[in-house]
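What the coordinates show
Listed below, chain by chain, are the residues.
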Amino acid sequence: MFFPNEEKDSQATTKMSRRKMLAALGATGAMLAGNAIAPHVASADSDAGKGSGDDVVLRVNNVAELKAIPLGQLYDGLQVFVAGYNAAGDGGAKLVRYVAGSVKADNGGTVHKPVKNGRPRDKVDDMGRKPDRGDGAFEVVHSGVGDLRWFGVFGLNVNADDALDALVGDPAFYRVEGHSNLNFVRRHVYHRSDIEVDFHNFTVTTEGIELNTLDNPFGAVMFFQGVKNPAVTQTVTLSEDIPEYSDIYEVANSSMFEVDSWWHAQIKNNAAGSAQRELDYLVKVTEVFDATHIRLNYKSGWLLAKGRSITYTRVNPAFRCNVRNMNFVGIPVPPNGTSTRPFPTWDQIGSNPVAYEFAVECDASGIKATKVFWPVVMRRYNTHYVTERCQLMNPEERDWGGTGYMTQQINVLYGHVRDCNTSNARHLNDFTCAAYCMVENCHGDGDEYGPFVTHGQFEHDLSYIGNSGLLSFANSGTTWGDSAKRITVKKHIASRIVASKRLTDLTLEDCHAVVTYTKPGVKMANSGSIWVNMDGLQMRGCTAQEMITISKGSSRGKRKNIIDSCSFGMLAGYEIARPIRSGTTQVGYTPSNGELTIVNSEFTGVEDVNLGSINKLTLVNTWFKGVPGVGGTVKVGTREVVMLGGGLVDCCLLFTGAWDKVGDVNNAQGKPDQWVTIDGGAVFSGANPQGAYLKSVDPGNVITWKFGNCTSTAPDANMMHFGLQGGLHKLKAVGSHFAGGKYGVDVAFGGATYFYMASCVEEGVNRSMLPAESVTVKHVEGNLLLP
């Protein structure tokens, strides 16, 4: 930058007034010296009257010239405009001030020590300024925004670690900016608050980075960590239950707790699993009631029983440490494909950009990554945060536990993940012991590993809206608890939805499981299916191209199980509801011993499927449709079926006796009795391999049949409206309509069994198999028998 008519000295420094320097910076100050310099200098200029009225600011071309300013020109408070780091205009421009008493070390960017060029003045000058021997330092003038270019970092040829440490490590800075591609070779840990690092969408690499410690996803380029104080802690054994939804917690001595203080609250694990903890979060004290009760900023999602112990440990969190706008490229890690390390340092090679622990209001945005090993954004004990507009494509590893994630979030509260996407990753969003969080508009392709997952460590009150990719909830094993509660998913496209463990009050709305291929011609296993736990289950407007399977691993819910306005394609040999069979003692595969209502829905492509359990199934305007031209069979072990409207097309319900008639370790042996009600305008039509719409052949069956307002239309003379070919039966048909075909009755009635038909309309039905009328058999009088 050239300033005409300015006086020059022997060191080629230019003297310029602060006022003129400000005029020069006015248009380009943000470009030359960062957003902070101009405002700060303007403030200094307002004090010009204390000096000459037009104080002089020296100008140098680069840092080398700055450090070489002759001692004779140095004085405390001297301001120098440095036009570039290596050369004027290279982007490293800044304003510095000479501080005579500074003891700060030269860090190459915000602090520069003079080289003591020439001889100092031997007396006070005519402005009253004392001689200086060059023992001070030039310190950058700023208003809290630092630029990595101040350190001569303009690209990948100079590692940016020292510059980052100098700026982030200085509490006077609240923002650090990168304006070029950068390389880091160290894994940085910061214990501070109120800092934002913005890379302005430049590329960040880690060529030559030091080895991580073993099995450490927090060994990121930047790890912001609050400080836990183990010396300030207490443990209380609960003298009474803490109910679900409570935000009032028992403590041993409330004098330790202050309003607005932060604590790690952790309940002792359940004996069934080392990580089974319903409470394990970073929480804030919002009120102190008495000697043993406080209020926390968290409503418990689970009952915490009397006798359990909670440990509280004081934490000084990291607040508002934000990382933004980076294109991160990790480093290659040799492929493994096994469950063991191929060599000791294998999982210490890779890199990931950012991690947080004991952090509050720490956001990550605009981070686009590839070739990472551990998660792009790793979080533990975080609260009130946002992760947005982040991306992971083609990570280095995804089979090794914990690798290939866009974000993993452990023990987190009040998180919001939005507008993120992954390609061929392990997980986009992983929640482990999370509560009151939301995920929206996030999408994963190449999603066979499951973009959206929870471990089942007692997660609760999670919402997913407008996303796409495989869903898998509470599926990581008994170590964590296999448990979650009140998860709501709306408007979602998935290759699979797996929610069959101890998941209570699951809500699925407008969710669709679609058949997906891992590569051309190779179908993803079980894609197009939905597996759910029938414990407060509610589904509305959902579809599954290939199967819904229902199990029941928990009984915690208070609301009804309802499936409404859904459509499910069926696969031959699969189960709609899990039966008792070998292997069903495993959680997620156990029979459903509750009640379910299905409304305005349909099951299509039925060929051979099993309704292997459920105590009472109410079907309202719901249809089972067999494979066209082939027909299908639904084996029914449900204890009671009530069909109101809807009906069967090319399909048979084959009753096999109540699902628990044999019993197992989880279910006492019950009776084989089943009850069937057909009413509300239900309609049967078409053909099926069983030759009947409703059928019983097991000699051990005991079934009560009730036919009301229904219409059964057989396509030929051999089709049976009902086929009773074994067992004990009680049948009542009043007001029903049967057309064509025949009645298939090959059992005797008497004693406690009966056969009664009245007020029915029959059109050309073959009655030859009906038993002769008797005290317990009535089927002629009162019916309209048409030829």
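Residues numbered from 1 in each chain as written. Predicted model: local features only at pLDDT ≥ 70, side-chain atom pairs only at ≥ 80, totals over all residues. Heavy atoms only, no water.

**A look at the pattern of salt bridges**
Summed over all chains, the structure comprises 38 salt bridges. Residues Lys104 and Glu139 are paired through a salt bridge, measuring 3.5 Å at the closest nitrogen-oxygen approach. Placement of the pair is Lys104 in the loop between strand S4 (94-99) and strand S5 (111-112) and Glu139 in strand S6 (residues 137-140), with a sequence separation of 35 residues. Note on Glu139: relative accessible area 16%, which makes it buried. For Arg418, the salt bridge identified is with Glu388, shortest N-O distance 2.9 Å. Of this pair, Arg418 sits in strand S25 (residues 405-418) while Glu388 is found in strand S23 (residues 377-388), placing the two residues 30 residues apart along the sequence. (Salt bridge = Lys/Arg side-chain N within 4 Å of Asp/Glu carboxyl O. Helix = DSSP H or I, 4+ residues; strand = E, 2+ residues; numbered from the N terminus. Buried < 20%, exposed > 50% of the residue type's maximum accessible area, 1.4 Å probe, protein only.)

**Details of helix H4 (residues 161-168)**
With six of eight residues buried, H4 lies mostly within the body of the structure. All of the buried residues in H4 are Asp161, Ala163, Leu164, Ala166, Leu167 and Val168. Where the residues of H4 are buried, they touch strand S7 (145-147), strand S8 (175-177), strand S9 (182-183), strand S10 (188-190), strand S11 (195-205) and strand S12 (222-225). (Contact = heavy atoms within 4.5 Å.)

**Observations concerning the packing of aromatic side chains**
Per the stated rule, a full pass over the model turns up 33 aromatic pairs. Taking the centre distance of 5.3 Å and the plane angle of 40 degrees together, the rings of Phe218 and Phe223 count as tilted. With respect to burial, Phe218 and Phe223 carry one shared label: buried. Chaining the aromatic ring pairs together yields one cluster made of Phe655, Trp705, Phe707, Phe722, Phe738, Tyr743, Phe749 and Phe755. Just above the ring of Trp302 sits the side chain of Lys485; from NZ or CZ to the centre is 3.9 Å. (Phe/Tyr/Trp six-rings, centres within 6.5 Å; stacked < 30°, edge-to-face > 60°. Lys NZ or Arg CZ within 6 Å of the ring centre and 35° of its normal.)

**Here's the deal with the environment of Asn212**
Note that Asn212 resides in the loop between S11 and S12. Residues Asn212 and Gly350, 138 residues apart in the sequence, show an inter-C-alpha distance of 7.7 Å.

**Some details on the environment of Ala359**
Position of Ala359 relative to the elements: it lies in strand S21 (residues 354-360). The class for Ala359 is buried, based on a relative accessible area of 1%. Separated by 241 residues in the primary sequence, Ala359 and Gly118 place their C-alpha atoms 51 Å from one another. Non-local contacts of Ala359, meaning those with residues more than four positions away in its chain, are made with Leu282, Ala318, Tyr381, Asn382 and Thr383.

**A word on the side chain of Asp147**
In this fold, Asp147 is placed in strand S7. Overall, the relative accessible area of 2% leaves Asp147 in the buried class. A distance of 2.8 Å separates the side chain of Asp147 from the side chain of Arg149, its partner in a polar contact. In contact with Asp147, other than residues within four places in its own chain, are Gly91, Leu167, Glu177 and His179. (Polar contact = N/O pair within 3.5 Å; in protein donor to acceptor, adjacent residues only side chain to side chain.)

**Regarding the nonpolar core**
Counting 138 residues, the largest nonpolar core has Phe224 and Met539 as its most contacted members. The contacts of Phe224, once residues within four sequence positions are left out, are Val168, Tyr190, Ile195, Val197, Cys321, Val323, Val354, Ala355, Tyr356 and Glu357. Within the second largest apolar cluster, 22 residues are counted, among which are Val236, Leu238, Ala265 and Leu296. (Core = buried A, V, L, I, M, F, W, Y, C linked by side-chain atoms within 4.5 Å.)

**Thoughts on the environment of Asn181**
Counting through the fold element by element, Asn181 comes out in the loop between S8 and S9. Through-space distance from the C-alpha of Asn181 to that of Arg389 is 20 Å; in sequence the pair is 208 residues apart. Setting aside residues no more than four positions away along its own chain, Asn181 makes contact with Phe154, Gly155, Leu156, Phe202 and Thr203.

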